[in-house]
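Below are the chains, spelled out letter by letter.
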Amino acid sequence: MKINGAAALIKQLEAEGVTVVFGYPGGAVLPIYDAILDSSIRHVLVRHEQGASHMADGYARVSGKVGVCLATSGPGATNLVTGIANAHMDSIPMVAITGNVPSYNIGTDAFQEADIYGITMPIVKHSYLVKDVEEIPQAVHQAFHIAGTGRPGPVLVDIPSDILKAATVYKAPDGPNLEGYKPTVEGHPRQIKAALKAVRAAKRPIVYSGGGVLRSGAAPELTEFANRLNIPVTTTVMGLGAFPEDDPKSLGMLGMHGTSYANWAITRADLIMAIGVRFDDRVTGRKDTFGSQATIVHIDIDPAEIDKNVPVKIPIVGDVKSVLRQLLAELDEEPIDENRDEWFEAIGKIREKYPLDYDDNGELKPQTAIRLVKKHAAKDVIVAVDVGQHQMWTAQYFGFHSPDRMLSSSGLGTMGFGMPAAIGAQFAAPDRQVVCISGDGSIQMCIQELAVARTNDLPVKIFVINNGYLGMVRQWQEMMYSRRYSEVSLPPDAPPDFVKLAEAYGIRGERLTSVEQMDRALPGILADKGPVFIDVRVTEEENVTPMVKPGGSVSEQVEDEV
Amino acid sequence: MKITISALVENKPGVLTRISGLFARRAFNIDSLTAGPTENPEISRMTIVATQAAHPLEQIEKQLHKLVNVIRVTEMDPDNSVGRELMLIKVHAPPNKRIEIFDIVNTFRGKVIDVSRSTLVAEVTGDTDKLRAFQELMVNYGIVEVARTGKVALSRGR
């Protein structure tokens, strides 16, 4: 039976197991929007394509599936760019589908033409410009395979509108057939043995784990590994929840705003087990001093991450889950039984002396507000954050005890990510509680997606930690520019009035101004069956501490204080 | 330091852009890049001569390998590979100088492939040093134009 290219596209999306697509229609994708009417796929109409890309991202982080977003040619496609870059930096599986002008018009500067294939080349894992209708199913199949396997990432599929309209007979692809793409899954047995030999010799080992652990679904293996070896664990912001933070072995987050004891421990460690991490500058600070006393074992599925930022002694290329299982199997043969009392005691002393804390004076401080949300939220609540001070306070004070619950734009640092990511998460987990913790700056970058929360009756709870400033920039200006505040003020009573704004979208709006009021109001807010937007008026000039200055050494944070 | 990388890539649109973009992003300068089909028309070989800058060579090799369309990447060991480049050079060649120039071209095992009243075009093949030496000799006569292919290379033996 002859169908058109758009129908073949939808058929292939169904074959890939897609159930929800986030998108926005337009001229070049009209054939897709016609075909989608006859499909079981649910389409979520966003209000700006950037929202669609972040929703697909949030959906992917929670479901573990490939998130899908859809946009028209030209501005529709370019509006996806930030979200694609975001998914690329955080290694999130995503397929972005764009229509383009008819192939006979490509290169003519036609109406709504943009070379999205060229524009996105540096920020995709791979991309397709489909020029033949027969190639649609195979290109889409390859796109999903590439996005979701190996080190995940975004893949763009750009299809000109005449190709979407052309007649074809759907032929199911017979496999991805990619000669140049074969991710390594199993770790090399020799490296596994070498890693355990290093662990055996170590007196002060530490696990530094990141997003790769969550992406490969290896949180249980990581926990077992750390428990059996009795090793302290610190995580990156991407890795929060991979190891329960209420375990005494957890040192919380490391790096620029990490705990002083995590940074102290990684500086003193003689063995660093780096698992699913990429030695980002926000983690390492000055790279030449990071882990300089340690033998570094690095487990990652991407061989290009090995030795990229910090030289490592024992690399293990492979899927984190598989490699951890291999390590555990070796441990079955020859267990390691160390109490490491001295090491834990030393870390404990630093923790006691420099706990992660703030001056809780009874005012509604941002950290207190976040702790109150934690106090009243469900145990398995999903938290999507935006970017800035509130993001770091959430990372520091929320306490994540299980995986895939903290959604954060960690690599790109995209303000505006939080609310659409929360919406995407709610579509992935309709029965779970989802909250967005945002700031008064970030929330306004994708505010229009409130309409999606309302029209789809999503019970997301959006907390704006409102301190009247672009707080993180203000903090840097305070600390590094002698308090010369430049363009960072968003006075709480300046527009918009968040409560009225929420109400304009048909959403319940609340304003909380004191600890007592917030503590009283939260149970009712969180139990609401619909979306609620909460303007939390917190103290204004609170800083995120501790802090390693950019370019500084993580050891200095500790030395300053010790 | 100059390095020579040989890459087998799928013969698909956009591959050249991906590779050149990667070099630019990772702060490697490309000195020359040649591409052409292999014995298999679906696969092309690219030979890239680059100057190493901020990142070690291994990093760029791994980044290249990450590209889905790249099948194999090898660094060409100068002692264990052969590399050749072709140069076309147009020089001033008044009748009284022609014989001299012909002699030099012959010495370099090149060929004169076009002669006009005042100029001639010579074709010389060889490694980079040989071409540089030849070009230096031609300076005396006055070089009008030079076109070079960039290096192609294969490993020895196997």
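Residues numbered from 1 in each chain as written. Chains lettered and ligands numbered in written order. Predicted model: local features only at pLDDT ≥ 70, side-chain atom pairs only at ≥ 80, totals over all residues. Heavy atoms only, no water.

### Some details on the overall build of chain B
For clarity, the threshold we go by: Only runs of H or I of at least four residues qualify as helices and only runs of E of at least two qualify as strands under DSSP, and these elements are numbered from the N terminus. Residue exposure (1.4 Å probe, protein chains only): buried if accessible area is under 20% of the type maximum, exposed if over 50%, otherwise partly exposed.
Each helix and strand counted, chain B has four helices and nine strands in total. Its helices and strands taken in sequence order, chain B reads β-α-β-β-α-β-β-α-β-β-α-β-β from the N to the C terminus. Overall, the C-alpha framework of chain B stretches about 55 × 35 × 30 Å when taken along its three principal axes. Per-residue burial over chain B gives 40% buried out of 158 residues.

### Some words on the packing of aromatic side chains
Residues and elements named next belong to chain A. Filter applied, for reference: Think of it this way: a Phe, Tyr or Trp ring, Trp meaning its six-membered ring, pairs with another when their centres are within 6.5 Å, and the plane angle makes it stacked under 30 degrees, edge-to-face over 60, tilted otherwise. Ring-over charges, as used throughout, are those where CZ of Arg or NZ of Lys falls within 6 Å of the ring centre and within 35 degrees of the ring normal.
What the rule picks out here adds up to 12 aromatic pairs over all chains. The interplanar angle of 65° and the centroid separation of 6.0 Å between the aromatic rings of Phe 22 and Tyr 59 together place this pair among those described as edge-to-face. Here the residue Phe 22 occupies a position in strand β2 (residues 20-23), and Tyr 59 occupies one in helix α3 (residues 49-63), the gap between them amounting to 37 residues. Taken as a pair, Phe 22 and Tyr 59 share a single burial class, namely buried. Aromatic rings pair up to connect Phe 22, Tyr 59 and Phe 427 into one cluster. Over the face of the ring belonging to Tyr 469 we find Arg 474, whose NZ or CZ atom lies 5.6 Å from the ring centre.

### Here we look at the domain arrangement of chain B
All names here are of chain B. Selection rule: Boundaries of every domain are those given by an automatic assignment or by a domain database. In this description, contact between two residues means that some pair of their heavy atoms is separated by no more than 4.5 Å. Two parts placed together each lose some accessible area under a 1.4 Å probe, and adding up what both lose gives the buried area. Note on definitions: salt bridges are taken to be side-chain nitrogens of Lys or Arg within 4 Å of carboxyl oxygens of Asp or Glu. Here a polar contact is recorded for every N or O atom pair within 3.5 Å, except that within protein the pair must consist of a potential hydrogen donor and a potential acceptor, and residues adjacent in sequence are included only if both atoms are side-chain atoms. For this classification, Asp, Glu, Lys and Arg are treated as charged, while Ala, Val, Leu, Ile, Met, Phe, Trp, Tyr, Cys and Pro are nonpolar and the rest, including Gly, are polar.
Domain boundaries in chain B define domain 1 (2-75) and domain 2 (81-155). Placing a centre on the C-alpha atoms of domain 1 and another on those of domain 2 gives a separation of 28 Å. The interface of domain 1 with domain 2 comprises seven residues on the first partner and six residues on the second. Summing both sides of the interface, domain 1 and domain 2 together bury roughly 460 Å²; the carbon and sulfur share of this comes to 58%. Summed over the shared surface of domain 1 and domain 2, the number is zero salt bridges. On inspection of domain 1 and its partner domain 2, the count reaches two residue pairs in polar contact (both at pLDDT 80 or more). Only β1 (2-10), β2 (29-37) and β3 (43-51) provide two or more residues apiece to the side of domain 1 that touches domain 2. Among the elements that make up the side of domain 1 that touches domain 2, the one with the highest residue count is β3 (three residues). Taken together, the residues of the side of domain 1 that touches domain 2 sort by class into one nonpolar, five polar and one charged.

### Concerning the interface of chain A and chain B
It is common to report an interface's size as the accessible area lost on association of the parts. Facing 18 residues of chain A, the contacting portion of chain B comprises 18 residues. Between A:Asp302 and B:Lys66 there is a salt bridge whose closest N-O contact spans 2.6 Å. Inspection of the region where chain A meets chain B yields seven residue pairs in polar contact (both at pLDDT 80 or more). Of the residues in the side of chain A that touches chain B, the class split is nine nonpolar, three polar and six charged.

### Thoughts on the pairing of β2(B)
Residue and element names in this part refer to chain B. We count it as follows: Two strands are said to pair when DSSP picks up at least two bridges between them.
Note that β2 and β3 share eight bridges and pair antiparallel. Looking across to β3, one finds that Gly 36 is bridged to Arg 45. Between the antiparallel neighbours β2 and β3 lie five residues.

### Remarks on the pattern of salt bridges
According to the stated counting rule, one finds 35 salt bridges over all chains in the structure shown. The salt bridge partner of A:Asp535 is A:Arg537, with a shortest N-O separation of 3.1 Å. Note on accessibility: A:Asp535 and A:Arg537 belong to one class, buried. Salt bridges sharing partners connect three or more residues here, namely A:Arg151, A:Asp302, A:Glu305, A:Lys308 and B:Lys66.

### Quick word on empty space enclosed by the protein
Residue and element names in this part refer to chain A. Note the threshold: A cavity, in this analysis, means grid points on a 1 Å lattice covering only the protein atoms where a 1.4 Å probe fits yet has no way out; a pocket is instead an open set bounded by protein on both sides within 12 Å along at least five of seven lines, and a residue lines either one if it has an atom within 4 Å of a point. Grid points are joined across faces, edges and corners, and a volume is the space filled by probe spheres set on the points.
Here the structure, examined in full by the defined rule, presents one cavity of 30 Å³ or more. In this structure, the largest cavity spans a volume of roughly 70 Å³. Residue lining of the largest cavity: Arg 61, Leu 214, Arg 215, Val 237, Met 238, Asp 404, Arg 405, Met 406, Leu 407, Ser 408 and Ser 410, and that is the complete set. For the lining of the largest cavity, the secondary-structure elements that each account for two or more residues are α10 (211-215) and β16 (406-407). When residues of the lining of the largest cavity are assigned to domains, at least three map to each of domain 2 (189-353) and domain 3 (366-537).

### A closer look at the domain arrangement of chain A
All names here are of chain A. Assigned domains of chain A: these are domain 1 (2-169), domain 2 (189-353) and domain 3 (366-537). Counting residues at the interface gives 22 residues for domain 1 and 27 residues for domain 3. Scanning the region where domain 1 abuts domain 3 turns up zero salt bridges. On inspection of domain 1 and its partner domain 3, the count reaches eight residue pairs in polar contact (both at pLDDT 80 or more). Secondary-structure elements contributing two or more residues to the side of domain 1 that touches domain 3 are β3 (42-45), α3 and α5 (81-90). Counting residues per element, the side of domain 1 that touches domain 3 draws most heavily on α3, at 10 residues. Looking at the side of domain 1 that touches domain 3, its residues break down into nine nonpolar, eight polar and five charged.

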